[in-house]
Amino acid sequence: MKIAVISLGCAKNLVDTENLLGILKASGQETTTSWKDADACIINTCGFVEDAKKEAIDTILEAADYKQKGLKKLVVMGCLSQRYKPQLEQEMPEVDRFIALDEYPQLGTILTEVLGERIVNNYGKAPRVLSDKPWMAYLRIADGCNNRCSYCAIPSIRGNFRSRTEEDILAEADGLAKNGVKELNLIAQDSSMYGIDIYKNHMLADLLKKLNAIEGLHWIRVLYLYPDEIPDDLIETMKECEKVLPYFDIPVQHGADAMLHAMHRRGSRALIEERCARIRQEIPQAVLRTTLICGFPGETEEDHKQNLSLVENVRWDHLGAFTYSREEDTPSYAMDDNVPPEIKEQRKAEVMTLQNRIASEDRLKLIGRKEEVLVEGRSPLTGLYQGRSCLYAPDGVDGCVYFRSQREIPAGTFVMVEYTKASGQNMIGREITDAE
């Protein structure tokens, strides 16, 4: 059977999709990324925010049109199914089966029934099929979340925080390395909490030391750290482990204590600034990334100024700002959404204007620096190679490095590049030869 697999949403969803591809491959099924010539289609959805929900619904409806043109079965899985399964079953009868997250242990059995093809029931045990670049993989170290941020529906969708065992993580990492993965990106809703549930202690630093010892891995990056869970020993470990990149992805959400309290965020503005200063003191070349919410219920002009001053004081390397939108099944849904949409957009624009100025200034300071770059492709038009240094995560948000070289370089290769120019978020440079 030819099965189209469509993945929407975040990196955590992508890992679920790759596990699905693994069981389909183990079952001898052919997979594709287009439903137009497929016998069946499985769509892995996101249901976290309004835009993601709309994208998922639009994709489902578009795929459903092909049930009149040869597509025999349409299956929808993921967060949207988990969150709205009863409503979706009523309103979208063209979908043959909605599969919730808590049904994944029986995914093979369910797909066998729906598709009429034998699908092995070893989801999460069959080797993942990497759907992106073969030299890079995301590795989920935990699922769910215990943080009850007032704007976030993730705990109600994915449940409480659940760490994987070290043994499972290390075995998967070793398998990925043996299959050619050179860059490993650790993900969870809250990576800094790893181990607290099963080992009764924060074990991320210990896990990083063990991953650092795996032969074949070259870069290890940690995503999604909470500011109040970045102890000194974690900073020290990230400093000492040569494969662990000094990349700190810290979604702080706001710079005003009143807003942090309203958002049910742990910690304070002072803690955020102290931890960031500590990181840069210990690792001067550290990369700091964050997200901020603009226009949360009750946000005053003074709160907004605090957001701006946090951006100015910390000088984040990367920052994404988002306007607040009400999300059902969250505490903030009942709050008075009293910041007008045009004010939200204005505040977001002010945050991003300031951030872009800071980032541009700091990129100029990188000119002349020599850094290792992971090559990911080459433009046939300009001849420039494209890649990423420690400065850039693989999710397409941060930017990238463009550089010239006099030789052919295969994708997935690490080279040294000297930066010669800054262009917005991106750096431009030239490859440094051994002779230099």
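In this text, all values refer to a predicted model and were calculated from it rather than measured experimentally.

Q: How should I be thinking about the overall build of the protein in this particular structure?
A: Assigned secondary structure in the protein consists of twelve helices and 18 strands. Radius of gyration (C-alpha) of the protein: 23 Å, near the 22 Å computed for a compact globule of 436 residues. With the C-alpha coordinates aligned to their principal axes, the bounding extent of the protein is approximately 60 × 60 × 50 Å. Within the span of the protein, comprising 436 residues, buried residues form 54% of the whole. As presented, the protein carries roughly 18,800 Å² of accessible surface, and 50% of it is formed by carbon and sulfur atoms. Charge separation in the protein, taken as the distance between the mean sites of 54 positive and 69 negative side-chain charges, equals 3 Å.

Q: Explain the nonpolar core to me, please; I cannot follow it from the model alone.
A: Where a protein is soluble and globular, its nonpolar side chains tend to be buried together. Ranked by internal contacts, the top residues of the largest apolar core, which has 54 residues, are Leu184, Leu186, Leu204, Leu208, Leu211, Phe248 and Trp316. It is helix H7 (residues 204-212) that provides the largest number of residues to this core, a total of five residues. What Leu184 contacts, discounting residues up to four positions off in sequence, is Ala137, Leu139, Ala173, Leu176, Leu211, Leu217, Trp219, Ile220 and Arg221.

Q: What am I meant to see in the layout of surface pockets here?
A: Any space left empty among the atoms is revealed by the rolling of a water-sized probe across them. Considered as a void within the structure, the second largest pocket measures approximately 870 Å³ in volume. Surrounding the second largest pocket, 30 residues form its lining, Asn19, Gly124, Arg140, Arg164 and Glu172 being those nearest its centre. Broken down by secondary-structure element, the contributors of at least two residues to the lining of the second largest pocket are helix H1 (11-26), strand S7 (142-143), helix H5 (154-158), strand S8 (162-163) and helix H6 (166-178). The biggest single contributor to the lining of the second largest pocket is H6, with four residues. Considered class by class, the residues forming the lining of the second largest pocket number twelve nonpolar, seven polar and eleven charged.

Q: How should I be thinking about the packing of aromatic side chains in this particular structure?
A: Per the counting criterion, the structure on display carries six aromatic pairs. Between Trp219 and Phe414, the aromatic rings sit 5.0 Å apart at their centres with planes inclined by 70°, giving edge-to-face as the arrangement. Residue Trp219 is located in strand S10 (residues 219-222), and its partner Phe414 is located in strand S17 (residues 414-423); the two are separated by 195 residues in the primary sequence. Taken individually, Trp219 and Phe414 each receive the classification buried, so the pair is uniform in this respect. Following the ring pairs from residue to residue traces out a cluster consisting of Tyr151, Phe296 and Tyr324.

Q: Which parts of the structure should I look at to understand the environment of Lys210?
A: Structurally, Lys210 can be placed in helix H7. A relative accessible area of 36% places Lys210 in the partly exposed class. With 40 residues separating them in the primary sequence, Lys210 and Leu170 have C-alpha atoms 7.6 Å apart. In contact with Lys210, other than residues within four places in its own chain, are Glu166 and Leu170.

Q: Mind showing me how you'd approach helix H8 (residues 232-240) here?
A: A turn of α-helix holds 3.6 residues, and therefore any two residues three or four places apart point the same way. For H8, every residue scored as buried is listed here: Leu234, Ile235, Thr237 and Met238. The buried residues of H8 occupy an angular sector of 160° when projected down its axis, which confines them to one face.

Q: Looking at this structure, how should I read the sheet that holds strand S6 (residues 136-140)?
A: Backbone-to-backbone hydrogen bonds join strands into a sheet, with any given pair of strands oriented parallel or antiparallel. Overall, parallel pairing links the three strands, which are arranged S6-S9-S10 in an open sheet. Across the chains shown, the open sheet's two edge strands, defined by having one partner strand only, are S6 and S10. On average, each strand axis in the sheet is inclined to that of its neighbour by 20°, with strand direction left out of account. In this structure, strand S9 (residues 183-187) lies alongside S10, joined through four bridges in parallel fashion. Bridging from a neighbouring strand, Glu183 pairs with Trp219 of S10. Docked against the sheet, H7 engages S9 and S10, running at close to 165° with respect to S10.

Q: Explanation requested: unusual backbone geometry in the structure shown.
A: Trans is the common state for peptide bonds, and a negative phi is the common state for residues other than glycine. Look at Tyr224: it is not a glycine, yet its phi comes out positive at around 70°. Its location among the elements puts Tyr224 in the loop between S10 and H8. Here Gln253, not a glycine, exhibits a phi torsion of approximately 75°, which is positive.

Q: Which parts of the structure should I look at to understand the packing of H8 against helix H10 (residues 269-282)?
A: Two packed helices can be described by the angle between their axes and the distance between those axes. H10 packs onto H8 with a crossing angle of 30° between their chain directions and a minimal axis gap of 10 Å. Taken together, the axes of H8 and H10 are roughly parallel relative to one another. Crossing of H8 over H10 shows right-handed handedness. On the side of H8, the interface is formed by Asp232, Ile235, Glu236 and Lys239, while H10 contributes Arg275, Arg278, Ile279 and Glu282. Among the residues forming the contact of H8 with H10, the class breakdown is two nonpolar, no polar and six charged.

Q: In this structure, what is going on with H7? I would like to understand it.
A: Taken together, the buried positions of H7 are occupied by Leu204, Ala205, Leu207, Leu208, Leu211 and Asn212. One face of H7 carries all of its buried residues, which in axial projection span an arc of 160°. Lining the buried residues of H7 we find H6, S9, S10 and H8.

Q: Where do I start with the pairing of strand S3 (residues 40-45) in this structure?
A: The two faces of a sheet get side chains in turn, since along a regular strand they alternate between them. Most of S3 sits inside the fold, with six of its six residues counted as buried. Neither face of S3 is open: one carries Ala40, Ile42 and Asn44, the other Cys41, Ile43 and Thr45, and all of them are buried. Judged from the five bridges that link them, strand S1 (residues 2-7) and S3 form a sheet pairing that is parallel. For Val5, the partnering residue across the bridge sits in S3 and is Ile42. Alignment of S3 against strand S4 (residues 73-78), held across six bridges, turns out to be parallel. When the sheet's bridge partners are listed, Ile43 is paired in S4 with Val76.

The rules behind these values
- Every chain is numbered on its own, with residues counted from 1 as its sequence reads.
- Per-residue local features are limited, in this predicted model, to residues with pLDDT of at least 70; the limit for side-chain atom pairs, both in listing and counting, is 80 or more; totals at the level of whole chains, interfaces and linings are taken over all residues.
- Note that the side-chain values use all heavy atoms of the structure and ignore hydrogens as well as water.
- The secondary structure listing takes helices from DSSP runs of H or I that are at least 4 residues long and strands from runs of E that are at least 2 residues long, numbered from the N terminus.
- Based on C-alpha atoms, the radius of gyration is set beside the globule rule, defined as 2.2 Å times the residue count to the power 0.38.
- Note on classification: 1.4 Å probe, protein chains only; a residue is buried when its accessible area is under 20% of the maximum for its type, exposed when over 50%, partly exposed between these limits.
- Calculation of accessible area relied on Shrake-Rupley with a 1.4 Å probe; when residues are assessed, cover is drawn exclusively from the protein chains displayed.
- The charged-residue count follows a simple rule in which Lys and Arg add positive charge and Asp and Glu add negative charge, with His and chain termini not counted at all.
- For the purpose of locating charges, the reference atoms are NZ of Lys, CZ of Arg, CG of Asp and CD of Glu.
- What we call a nonpolar core is a set of buried Ala, Val, Leu, Ile, Met, Phe, Trp, Tyr and Cys residues that are connected through their side-chain atoms within 4.5 Å.
- Note on contacts: a residue pair is in contact if any heavy atoms of the two residues lie within 4.5 Å.
- Grid points spaced at 1 Å over the protein atoms alone were grouped into cavities, where a 1.4 Å probe fits but cannot get out, and pockets, open sets with protein on both sides within 12 Å along at least five of seven lines, with lining residues defined by an atom within 4 Å of a point.
- Grid points are joined across faces, edges and corners, and a volume is the space filled by probe spheres set on the points.
- Under the grouping applied here, Gly and all other residues not named as nonpolar or charged are polar, the nonpolar ones being Ala, Val, Leu, Ile, Met, Phe, Trp, Tyr, Cys and Pro and the charged ones Asp, Glu, Lys and Arg.
- Classification of ring pairs rests on two measures: the distance between centres of Phe, Tyr or Trp rings, Trp counted by its six-membered ring, which must be within 6.5 Å, and the angle between planes, read as stacked under 30 degrees, edge-to-face over 60 and tilted in between.
- The arc refers to the directions leading from the helix axis to the C-beta atoms.
- Strands pair, by our definition, only if DSSP identifies at least two bridges between them.
- Axes here refer to lines fitted to C-alpha atoms; in helices the fit is confined to the stretch in contact. Angles between the N-to-C directions go from 0 to 180 degrees.
- Roughly parallel means an angle under 35 degrees; roughly antiparallel means over 145; roughly perpendicular covers 65 to 115; every other angle is labelled oblique.
- Crossing handedness is read from the near helix: turned anticlockwise from the far helix by less than a right angle, it gives a left-handed crossing, and turned clockwise, a right-handed one.

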